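One-letter residues, chain by chain:
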Amino acid sequence: MILCCPNVLRSPVVDNKLYSLGLLYLRNAARQAGYESILVDAYFLELTVEETVKRILREDNPFLYGFMINSPEMLKSALSIIQRLPRDDYKGGRVPVVLGGIYPSLEYRGLMEANDEIDLVVRGEGEETLRYVLEALRDSKGFGGIPGLSWRTGSKVCHNSDRQPASDLDVFGDYDPGTISGVMPEMSWTISSSRGCSGTCSFCLVGLNFGKKGVWRGHSAQWVADHVEEMTGKYGARHIRFVDDEFVGCERSADRAMEITELLKKRKVRPKFSIMCRSDTVRRYPEVFKKLRSCGLANVFLGIESGNDEVLSRLNKRHSVEDSMKAVSILCDLNVRVQGGNIVFHPWMSEETALKDISFFQGLLEKHDKFVFFTLNGVDIFRDAGLGDGYEGQGGNWQLKWEAQDEKMQAIFSLWMRIERTILFPALASLGTITPRIRRDLCFWQLKAFKGLITGFKDDKRYREGILFEIFLEICGFLRMHGSQKVMKSFLARRTSTPEMEKEVCFERHY
Ligand code: B12
Ligand code: SF4
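Keep in mind that this is a model prediction, so the values were computed, not measured.

Remarks on the site of ligand 1
Around ligand 1, the structure places 36 residues, and the nearest of them are S20, Y43, G126, E127 and D245. Between G101 and ligand 1, the recorded distance is 3.5 Å, taken from a backbone N or O atom to a nitrogen atom. Separating an oxygen atom of ligand 1 from a side-chain N or O atom of E127 is a distance of 2.8 Å. Contributions of two or more residues to the shell around ligand 1 are made by α1 (21–32), β3 (65–68), β4 (97–100) and α7 (206–209). Residue contributions to the shell around ligand 1 peak at four residues, all from α1. Split into classes, the residues belonging to the shell around ligand 1 amount to 20 nonpolar, 12 polar and four charged. When residues are assigned to domains, the shell around ligand 1 turns out to be shared by domain 1 (2–159) and domain 2 (184–381), each giving three or more.

Right under this line is the structure:
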């Protein structure tokens, strides 16, 4: 069996190169059922479609092709791979293709109707369902009655009942990270120590992948300590990223975090590590963060989102602006680096909300030299996430296209997107590795440039052309100060202001 994570274009703000933990869990589940599988993590290995196909074709007679799909772009990439695979050789029929991951888990109906090359979709948590699929294939049994599965029979598509997520994650977690193929960059060791999130933010899909929003399930503290010890001791990992969406959030996770610190201390295991969480959590459990810090916590990605309480409540964040200020203070006082998530652009933004966001993030940057954000972000409105309810968006079903109700802000947003794609992203890509200092300077630069647009905006072509040129010159100055001549040359080679070419120059091609 082949388990593949297809490659997609990545934006230059994604500076990490992480492997798919989901594939390791699935291989483990297959192994427990008596099947070996080959993992082809094309995203991690940065393989083109052709290279991915070539890699898959090295294997003799696979009886199942499995693909991890987290977005429509990944589906597109997977379909180009699937079209090039031989499929007419399995028990008198074709070799089945199974998809899993958050996108097919929510979009299975439309997706199976539109693509008859897909035979099966495993919805939500994959381990148990995959095991049953493997047994059904082995015994030539039907797929009816396997919870969590959608399947094709002739021209009909059937959707079985949902599967309840497992209550004990440890039974799935006996994988060996040493079996990942490819060279592991120093900052790429990851662990997923929990699934879901106790939060119910209205724009977020995370909980829905595992069935329901607001539900957090964790591996035991013992499991986490064992795996961290294995990664550091056996494989020499010095920095570990917890990819959990909420490492500490509810009381159970806070208690578990304390237990983990106790175990790591006892075993004298002390790698640096990073986690993700919300602002209210830090404020609620400062003593947990103190303990985590003493154990190696180095970075926290904090879902701050906004400097406006009304916006936070629309996003159902369940934290306040004051919580965020306090959380950043607590963490920075502990000498932990904080990366703040932000949602500055949304359909309800106004000059007032934007200016408030600017001064809020500016204040955090000025007060805390360990605080940064990456770029200024807009909200994604997913059909199933809740924020889309009652919102008349346009475009596809899965993700709704939105426009700001305030026309001026919409025009500024469009201009900012253009600046991002043709100037900021190419500059980031040219800089390559970005030091914390450059990142902070870029934060200040973005806030200043965005504020300049709001206060000086004129809705005419000459203004737009002029401001793009001005910002281009400013970025050249920035790169001259922070980068080498090579960086500047690379930026000039990438940049274009032709709209049709924006995508080409703003993103590195990976397939
Ligand atoms: C770590 C991470 C990454 C890493 C690792 C990627 C990976 N494939 O694991 C990196 C940084 C590379 C990454 C990149 C991207 N990511 Co990402 N990522 C995550 C994160 C935080 C954790 C993933 C994880 O390890 N989960 C733990 C494992 C155990 O769960 P799992 O992967 O979901 O797998 C389980 C099931 O889904 C299912 N399953 C999954 N695949 C398959 C396949 C088969 C055959 C079967 C049977 C079952 C099955 O079974 C698995 C075990 O139960 C999630 C958020 C989340 N909590 O899921 C976002 C998330 C999945 N990513 C997301 C996105 C958008 C992306 C990108 C498309 C971003 C981009 N534009 O570049 C790329 C896609 C590249 C890629 N190849 O995945 C979104 C997807 C939803 C969306 N908004 O569209 C999420 C939900 C984040 C978010 N909140 O927006 N990501
Ligand atoms: S806290 Fe983060 S992961 Fe949890 S629901 Fe909100 S946005 Fe999603």
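Moving on, there is more to tell.
Observations concerning the pattern of salt bridges
All told, the structure shown has 29 salt bridges when counted by the stated rule. Here E36 and R31 are joined by a salt bridge, their closest N and O atoms 2.9 Å apart. On the accessibility criterion, R31 (41% relative accessible area) is partly exposed. For R138, the salt bridge identified is with D139, shortest N-O distance 2.9 Å.

As for the sheet that holds strand β6 (residues 149–153)
Hydrogen bonds between backbone atoms are what pair the strands of a sheet, whose relative direction is either parallel or antiparallel. As summarised here, the arrangement of the seven strands in space is β2-β1-β3-β4-β5-β6-β7, forming an open sheet in which the pairing is mixed. Among the strands making up the open sheet, the edge pair consists of β2 (38–41) and β7 (156–159). Averaged over all neighbouring strand pairs, the angle between strand axes comes to 20°, with direction disregarded. The pairing of β6 with β7 spans four bridges and is classified as antiparallel. The partner of R152 across the bridge, within β7, is V157. In this fold helix α3 (residues 49–57) packs onto β1 (2–5), β2 and β3, with an angle of close to 170° to the strand it touches most, β2.

A look at helix α4 (residues 72–83)
For α4, with 12 residues, the first-to-last C-alpha span of 17 Å sits near the 16 Å given by 1.5 Å per residue. As for α4, its buried residues are in contact with β1, α3, β3, β4 and α5 (102–114).

A closer look at the packing of helix α8 (residues 221–233) against helix α9 (residues 251–266)
Packing of α8 against α9 leaves a shortest axis separation of 9 Å and a crossing angle of 45°. With respect to α9, the element α8 is oriented oblique. In this structure, α8 crosses over α9, and the sense of that crossing is right-handed. Together, A221, Q222, V224, A225 and V228 of α8 and R256, E259, I260, L263 and L264 of α9 make up the contact between the two elements.

Considerations on the sheet that holds strand β13 (residues 297–305)
In spatial order, the strands read β8-β11-β12-β13-β14-β15; together these six strands make up an open sheet with parallel pairing. Each having just a single partner strand, β8 (189–191) and β15 (371–372) make up the two edges of the open sheet. Pairing analysis gives three bridges linking strand β11 (residues 239–242) to strand β12 (residues 272–278), with the strands arranged parallel. Paired with I240 across the strands is F273, a residue of β12.

Regarding the packing of aromatic side chains
Scanning all chains against the criterion turns up 19 aromatic pairs. Between the aromatic rings of Y19 and F44, the centroid separation amounts to 5.8 Å while the plane-to-plane angle is 80°, which identifies the pairing as edge-to-face. Here the residue Y19 occupies a position in the loop between β1 and α1, and F44 occupies one in helix α2 (residues 42–45), the gap between them amounting to 25 residues. Taken individually, Y19 and F44 each receive the classification buried, so the pair is uniform in this respect. Put simply, the rings of F345, W402, F413, W416 and F450 touch in pairs and so form one group of aromatic residues. Here the basic side chain of K17 rests over the ring of F44, its NZ or CZ set 5.0 Å away from the ring centre. Positioned above the aromatic ring of Y108 is the side chain of R123, whose terminal nitrogen or guanidinium carbon lies 4.7 Å from the ring centre.

Cut-off values and rules
Residues numbered from 1 in each chain as written. Chains lettered and ligands numbered in written order. Predicted model: local features only at pLDDT ≥ 70, side-chain atom pairs only at ≥ 80, totals over all residues. Heavy atoms only, no water. Near = heavy atom within 4 Å. Polar contact = N/O pair within 3.5 Å; in protein donor to acceptor, adjacent residues only side chain to side chain. Helix = DSSP H or I, 4+ residues; strand = E, 2+ residues; numbered from the N terminus. Nonpolar A, V, L, I, M, F, W, Y, C, P; charged D, E, K, R; others polar. Domains from an automatic or database assignment. Salt bridge = Lys/Arg side-chain N within 4 Å of Asp/Glu carboxyl O. Buried < 20%, exposed > 50% of the residue type's maximum accessible area, 1.4 Å probe, protein only. Pairing = 2+ DSSP bridges. Axes fitted to C-alpha atoms, helices over the stretch in contact; angles between N-to-C directions. Contact = heavy atoms within 4.5 Å. Expected span 1.5 Å × (residues − 1). Parallel < 35°, antiparallel > 145°, perpendicular 65-115°, else oblique. Left-handed = near helix turned anticlockwise from the far one by under 90°. Phe/Tyr/Trp six-rings, centres within 6.5 Å; stacked < 30°, edge-to-face > 60°. Lys NZ or Arg CZ within 6 Å of the ring centre and 35° of its normal.

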